[in-house]
Amino acid sequence: MADLTPTAGCPGLHVSKPSPSEPATASAVCHCGASATAKGDTQVGALVAGWNANHGSAHRK
């Protein structure tokens, strides 16, 4: 499987949860230079909410 971790050259959001008993992990890199990582379902949820509100498609508005 390809490495789906976002980079400055290929920005985006990647979330992983290998099984229901393991914590979710996420990493995000925006073309504006912002980046973040999170571990645990609650923290990943907050990262995704912040990405949706402030990065990703929000920059296209």
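Note that this is a predicted model, so its numbers are computed, not measured.

Caption draft 1: Layout of the pattern of salt bridges. This structure, assessed with the given rule, holds 1 salt bridge. The residue Asp41 makes a salt bridge to Lys17 at a minimum N-O spacing of 3.1 Å. On the criterion of sequence distance, the pair formed by Asp41 in helix α1 (residues 41–54) and Lys17 in the loop between β1 (12–16) and β2 (25–29) is long-range, its members being 24 residues apart. On the basis of relative accessibility, which here comes to 38%, the residue Lys17 falls in the partly exposed class.

Caption draft 2: Region of the structure containing the side chain of Ser27. Examined against the element boundaries, Ser27 turns out to sit in strand β2. Dropping the residues within four chain positions of it, Ser27 is found in contact with Thr5, Pro6, Gly12, Leu13, His14, Ala36 and Thr37.

Caption draft 3: Spatial organisation of the sheet that holds strand β3 (residues 35–39). Pairing in this open sheet of 3 strands is antiparallel, and the strands run β1-β2-β3 from one edge to the other. The sheet terminates laterally at β1 and β3, the two strands that pair on one side only. Taken pair by pair, the neighbouring strands of this sheet meet at an average axis angle of 5°, ignoring direction. Pairing analysis gives 5 bridges linking β1 to β2, with the strands arranged antiparallel. In the sheet register, Gly12 faces β2, and the bridge partner there is Val29.

Parameters and conventions
Residues numbered from 1 in each chain as written. Predicted model: local features only at pLDDT ≥ 70, side-chain atom pairs only at ≥ 80, totals over all residues. Heavy atoms only, no water. Salt bridge = Lys/Arg side-chain N within 4 Å of Asp/Glu carboxyl O. Helix = DSSP H or I, 4+ residues; strand = E, 2+ residues; numbered from the N terminus. Buried < 20%, exposed > 50% of the residue type's maximum accessible area, 1.4 Å probe, protein only. Contact = heavy atoms within 4.5 Å. Pairing = 2+ DSSP bridges. Axes fitted to C-alpha atoms, helices over the stretch in contact; angles between N-to-C directions.

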